Amino acid sequence: MSHSDIDEGRRKFLKKSIAGMVVLPAVLNTSLKAEKPKTTSSKFIYRTLGKTGMKLPVVSMGVMNADNPNLVKAALDAGIVHLDTAHGYQRGRNEEMIGQVIKDRGRDSFVLATKVPADFQDDKTGLFTEKTKPESFIEKFEISLKRLGLEYVDILYLHDVVKKEAAMFEPLLTALINLKKAGKTRFIGVSTHRNEPEVIQAVADSKIYDVVLTAYNFRQPHLIEMHKAMEYAAKAGVGIIAMKTQAGVFWDRERQHQINMKAALKWVLANENVHTTIPGFTTFDQMNLDLSVMEDLKLTPEEESELTLGDDMGMNGLYCSQCGQCEAQCHKSLDIPSIMRSYMYAYGYNNFTAAKEIMQSLSSDGKFCNDCHACPVKCSFGFDVKSRVMDIARIQNVPSEFLT
Ligand code: SF4
Ligand code: SF4
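Residues numbered from 1 in each chain as written. Chains lettered and ligands numbered in written order. Predicted model: local features only at pLDDT ≥ 70, side-chain atom pairs only at ≥ 80, totals over all residues.

Regarding the overall build of the protein
- Check the secondary structure of the protein and you find 16 helices and ten strands.
- The proportion of buried residues among the 404 residues of the protein is 46%.
- The contacts of the protein with a sequence gap of at least 6 include a subset with a gap of at least 24, amounting to 75%. (Helix = DSSP H or I, 4+ residues; strand = E, 2+ residues; numbered from the N terminus. Buried ≥ 20, exposed ≤ 12 C-beta atoms within 10 Å, placed from the backbone. Contact = placed C-beta atoms within 7 Å.)

Comments concerning unusual backbone geometry
- Despite not being glycine, K207 has its phi angle at roughly 55°, a positive value.
- Summarising the element assignment, K207 is placed in the loop between α8 (196–206) and β8 (211–215).
- Of note, V249 is a non-glycine position whose phi angle comes to about 70°, a positive value.
- Within the secondary structure, V249 is located in the loop between β9 (239–243) and α10 (261–269).

A closer look at the site of ligand 2
- In the vicinity of ligand 2, 15 residues are found, and the nearest of them are C320, C323, Q325, C326 and C379.
- No other element matches the three residues that helix α14 (residues 336–347) contributes to the shell around ligand 2.
- A breakdown of the residues in the shell around ligand 2 according to their chemical character gives ten nonpolar, five polar and no charged. (Near = placed C-beta within 6 Å. Nonpolar A, V, L, I, M, F, W, Y, C, P; charged D, E, K, R; others polar.)

Brief notes about helix α15 (residues 352–361)
- In terms of residue burial, α15 counts as a mostly covered element, since seven of its ten residues are buried.
- Its buried side turned inward, α15 meets α14 and α16 (385–393).

Examining the site of ligand 1
- The local shell around ligand 1 consists of C330, H331, K332, L334, C369, C372, C375, P376, V377, V385, K386 and V389.
- Here the shell around ligand 1 is built from residues that sort into nine nonpolar, one polar and two charged.

What about the nonpolar core?
- Core analysis: the biggest nonpolar cluster contains 120 residues, and V203, V212 and A233 have the highest contact counts within it.
- Among the elements that make up this core, the one with the highest residue count is α14 (eight residues).
- The residues that make up this core include at least three from each of domain 1 (3–22 + 320–402) and domain 2 (37–309).
- In contact with A233, not counting residues within four places along its chain, are I200, Q201, V203, A204, V212, V238 and I240. (Core = buried A, V, L, I, M, F, W, Y, C linked by C-beta atoms within 7 Å. Domains from an automatic or database assignment.)

Overview of the sheet that holds strand β4 (residues 82–84)
- If you walk across this open sheet you meet the eight strands as β3-β4-β5-β6-β7-β8-β9-β10, and the pairing is parallel. Strands at the two margins of the open sheet, each flanked by one partner only, are β3 (61–62) and β10 (276–277).
- Against the sheet, α8 contacts β7 (185–192) and β8, and its axis sits at roughly 175° relative to β8. (Pairing = 2+ DSSP bridges. Axes fitted to C-alpha atoms, helices over the stretch in contact; angles between N-to-C directions.)

Quick word on the environment of R194
- Here R194 lies in the loop between β7 and α8.
- Through-space distance from the C-alpha of R194 to that of S338 is 9.7 Å; in sequence the pair is 144 residues apart.
- Once residues lying within four places of it in the same chain are set aside, the contact partners of R194 are V162, Q322 and P337.

Some remarks on α8
- Of all eleven residues in α8, eight are buried; the element is thus mostly enclosed.
- Those residues of α8 that sit buried are E196, P197, V199, I200, Q201, A202, V203 and A204.
- Contacts from the buried residues of α8 go to α6 (164–167), β7, β8 and α9 (223–235).
- The positive-phi residue at the C-terminal boundary of α8 is K207, with phi of around 55°.

Structure follows, in structure tokens:
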């Protein structure tokens with residue numbers, strides 16, 4: 001593909017995207033620097049992260065979408081203790097940025113969690129394969145430690161676990177146990193955003209893992225199973241951390257209708273089996289909003305009613321529950337849940353880099369729905385799956401340097 005083709009592809013993508021959605025990092029940083037952080041409050045609510053014994057404020061920081069070190073500094077200065085990142089975020093720049101922020105801080109003053117994926121995970125079954133080796137997992141983790149400038153992290157997660165067999169995959173489990181014994185991580189866990197109840201239960205039954213990081217929000221259709229699994233795990237002493245708490249942030253692709261973030265976070269924290277949360281705030285205003293939740297968790301009737309706003313207005317949101325009901329219906333067996341996650345990262349989180357990485361990681365011919373006439377897929381959330389797939393598939397042609 002020539003540069004002019006790439007430029008044309010990018011031009012078309014940007015034209016059809018919402019104005020201002022694809023933003024150069026420099027622009028983002030400039031707009032954030034002007035704002036002032038809030039001061040620390042002694043009224044923050046703390047919970048104990050299961051058997052780790054760590055007492056953490058109920059709001060932590062998911063750093064995934066943030067590229068401004070001043071925001072991370074402000075979060076720590078304001079009383080947030082726990083930072084969550086991953087080996088792959090911003091192709092390592094996220095861990096490097098955090099490394100710069102924490103280098104002059106006392107090691108006991110923050111709790112750092114990172115997630116490392118294993119290679120050769122079957123994207124249809126979620127299982128690891130005989131090609132999955134612990135060596136490459138350990139190698140990636142060592143790179144993460146270097147980027148962070150740390151001798152050890154507080155929590156190391158096996159990233160993106162979707163099956164109990166994957167959580168219990170012996171070579172990786174042994175690697176995690178050995179890393180903990182070697183003092184490279186204080187605690188070990190898994191992260192999960194698909195088939196979460198099964199994974200949470202497996203974590204509890206393992207009696208090996210300390211923590212689980214799970215998707216959890218008011219939009220999930222399988223809340224009965226989630227609540228049961230979380231209660232079971234909490235009773236077993238597993239520390240439970242919630243992500244995807246804002247359920248995609250917006251009700252619509254055009255970002256005209258934002259989900260009430262404070263209400264969504266309070267809804268999550270109403271479940272006392274959730275020990276802390278990692279909302280991915282990217283501005284000082286959002287940070288202050290999330291911090292304010294820590295002073296009063298009570299969900300008001302008005303806030304509660306706002307959580308049904310999208311349904312009332314006939315909007316089905318950006319969050320895909322990853323239920324997988326669509327996959328068997330697709331002629332090409334596309335990994336639709338992952339594609340929908342990419343869609344949410346792009347339009348909900350404004351994180352086009354992560355969205356593109358997901359699309360590139362899929363085993364596909366790159367045509368997705370282009371050569372498919374009629375789409376039989378019925379989504380349980382009512383998404384027009386074909387149009388969302390075709391929309392986000394265009395991101396493959398946008399040069400990475402133009403994406404946030
Ligand atoms: S249009 Fe796309 S989602 Fe629908 S069946 Fe074809 S490939 Fe699958
Ligand atoms: S696209 Fe719809 S059916 Fe498919 S996993 Fe997401 S919510 Fe379920």
